[in-house]
Amino acid sequence: MEHSPLMFFTCRDLARNVERLEDSTVPVLHRWLGRAHLLWCRNCSRFVKQYRTTVLALKHLQAPAPEQNLSALVAFRAWRRRA
Amino acid sequence: MHDDDARLVTALLAGDEAAFTTLSLSVQRPLSGLVRRLVSEAAVEDVVQQTWLTVLSSLARFEGRSRLSTWVLQIGLNLARAVNRSAGREEPLSDDEAPAEERFTAVGRWSQPVREWVVSTDDPERAASNRQLLTALDRALQELPEKQRVAVTLCDVEGLLPREAAEVLGVEDGSLRVVLHRGRTKLRESLERSLGRV
């Protein structure tokens with residue numbers, strides 16, 4: 001985590017480290033400061049929810065799994081014939 | 001070389017179709033998902049098929065420095081880039097600057113309020129499946145610089161581990177995490193522009 005003087009945990013610090021705030025490698029004091037910051041900062045609280053929503057929503061963009069890999073199989077059989 | 005990959009390579013070189021099906025079923029979705037984010041829709045199928053042909057014809061030279069599945073994705077990425085270059089397809093400029101510095105004041109506070117979205121994010125799980133949000137996100141992902149788009153697609157859309165995505169992109173794990181964070185941050189900003197309440 002990038003360090004600011006601890007008394008000045010800023011919105012910029014939070015936005016830069018949003019993914020690491022729950023990380024066990026982050027010093028406990030920094031985690032607490034991050035959580036405390038979120039309690040009083042409406043902008044950062046909104047930012048974190050939107051960031052989490054964005055990451056979660058990306059999973060929904062995955063195309064359905066192909067039932068058959070026809071193009072892959074065509075490539076394999078063509079390669080095997082040539083080999 | 002990883003034991004599983006060594007067995008698979010041996011079987012593939014012997015022409016074992018079942019071994020190929022095992023490999024292709026595990027890689028086809030992330031491969032297609034990655035290629036779809038890089039080339040025009042009309043070129044996706046060709047690039048995927050060309051990827052498999054290249055994989056198979058190069059298989060005897062596979063050294064096992066990465067996992068076999070990762071190697072397939074590397075080849076797909078390189079072929080997609082080559083197709084774009086030959087088609088003269090324009091890519092947004094990459095930027096290595098920390099994102100959205102202008103959003104903060106000199107003392108690190110937000111310079112403008114973070115706008116609420118028209119889609120409530122009080123429950124991120126629920127909001128994440130909102131159709132309007134997904135349409136805007138799909139468009140925003142397409143507009144990311146290529147490296148960020150690849151990192152986000154592999155990790156967040158296709159579910160690869162950051163270490164695997166780093167191998168595909170040929171960067172260190174730490175660099176991948178930075179690229180991924182910047183991509184995600186840009187996507188959130190883009191959604192704020194599309195969905196933010198005025």
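Bear in mind that the values here come from a model prediction, so they are computed numbers and not experimental data.

What counts and how
Residues numbered from 1 in each chain as written. Chains lettered and ligands numbered in written order. Predicted model: local features only at pLDDT ≥ 70, side-chain atom pairs only at ≥ 80, totals over all residues. Helix = DSSP H or I, 4+ residues; strand = E, 2+ residues; numbered from the N terminus. Contact = placed C-beta atoms within 7 Å. pLDDT = per-residue confidence, 0-100.

**Q** Outline the environment of B:Ala82, supporting the account with residue identities and numerical values.
**A** As for its placement among the helices and strands, B:Ala82 is situated in helix α4 (residues 68–87). Once the C-alpha coordinates of B:Ala82 and B:Arg37 are considered, the two residues, 45 residues apart in sequence, prove to be 14 Å apart.

**Q** Report on the interface of chain A and chain B, specifying residues and quantitative values.
**A** Taken together, the 34 residues of chain A in the interface contact 46 residues of chain B. Broken down by secondary-structure element, the contributors of at least two residues to the side of chain A that touches chain B are α1 (11–16), α3 (42–59) and α4 (70–82) of chain A. At 14 residues, the largest contribution of residues to the side of chain A that touches chain B is made by α3(A).

**Q** Tell me about the confidence of the model for chain A, and name the residues and values.
**A** All names here are of chain A. Of the residues in chain A, 86% reach a pLDDT of 70 or more, and the chain-wide mean stands at 83. Ranking the elements of chain A by mean pLDDT puts α4 last with 85 and α3 first with 96. Note that pLDDT drops below 50 for residues 1–6; the model gives that stretch 12 contacts with residues more than four away or on any other chain.

**Q** Describe the environment of B:Gln142, and please don't skip the residues or the numbers.
**A** Residue position: B:Gln142 is located in helix α6 (residues 131–142). Each C-alpha atom of the pair B:Gln142 and B:Val72 lies 22 Å from the other, and the pair is 70 residues apart in sequence.

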